[in-house]
Amino acid sequence: MSVAMELSVGQVAERSGVAVSALHFYEAKGLIHSVRTAGNQRRYSRDTLRRIAVIRVAQRVGMPLATIREALDTLPDSRVPTRADWTRLSAAWKDELEQRIAHLTLMRDTLDQCIGCGCLSLDRCRLANPEDALGDQGSGAQRWATALKQSRGRRGATRPRE
Ligand code: FES
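Definitions and cut-offs
- Residues numbered from 1 in each chain as written.
- Predicted model: local features only at pLDDT ≥ 70, side-chain atom pairs only at ≥ 80, totals over all residues.
- Heavy atoms only, no water.
- pLDDT = per-residue confidence, 0-100.
- Helix = DSSP H or I, 4+ residues; strand = E, 2+ residues; numbered from the N terminus.
- Contact = heavy atoms within 4.5 Å.
- Salt bridge = Lys/Arg side-chain N within 4 Å of Asp/Glu carboxyl O.
- Buried < 20%, exposed > 50% of the residue type's maximum accessible area, 1.4 Å probe, protein only.

**A look at the confidence of the model for the protein chain**
Next up, step 1: For the protein chain, per-residue confidence averages 81 on the pLDDT scale, and residues scoring 70 or more make up 81% of the total.
Next up, step 2: The lowest-confidence element of the protein chain is helix α7 (residues 142-158), averaging 66 in pLDDT; the highest-confidence one is helix α2 (residues 20-28), averaging 96.
Next up, step 3: Across residues 158-162, confidence stays below pLDDT 50; counting only partners more than four residues off in sequence or on other chains, it has zero contacts.

See the structure below:
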């Protein structure tokens, strides 16, 4: 990285509108990278500004940092990312965004019903327990009940008849 092409942390903060502390956080999470000068100061390449813009937009739509990092890790290390690289990255997020939109739509529709109800029941409220994948199989501990049935079935099959 050429020193003339590098930005100090203060310059990046000023141009991106992101606080220095947030830049340090992004770097600690592996979302952006710097090199150190002989005086141990951070220097960022100019494409870091675009990375930060992408991070901010992704955070605004609720993308987890781990997902953002995975996507940024697909960008080339050996050269400045091209428009095609950024287009590929945003296309890869389309499915994730559609899932989030579907989930939020379900939450919004459920909220209408729940405002009048207020029970927040773990058995039947999708707002209180939105990830209840086994909820349609009945209330209670479905995995435990299934394991118990299987255990009884095995014991019954191997137990000698009296
Ligand atoms: S609050 Fe009662 S079903 Fe959601």
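Alright, that's what it looks like, and here's the rest.
**Here's the deal with the pattern of salt bridges**
Next up, step 1: What the rule picks out here adds up to six salt bridges.
Next up, step 2: The shortest N-O distance in the salt bridge between Asp-73 and Arg-69 comes to 3.5 Å.
Next up, step 3: On the basis of relative accessible area, Arg-69 is assigned to the partly exposed category, the value being 39%.
Next up, step 4: Here Arg-88 makes a salt bridge to Asp-85, at a shortest N to O gap of 3.4 Å. With Arg-88 and Asp-85 both in helix α5 (residues 83-92) and three residues apart, this pair spans about one turn of that helix.

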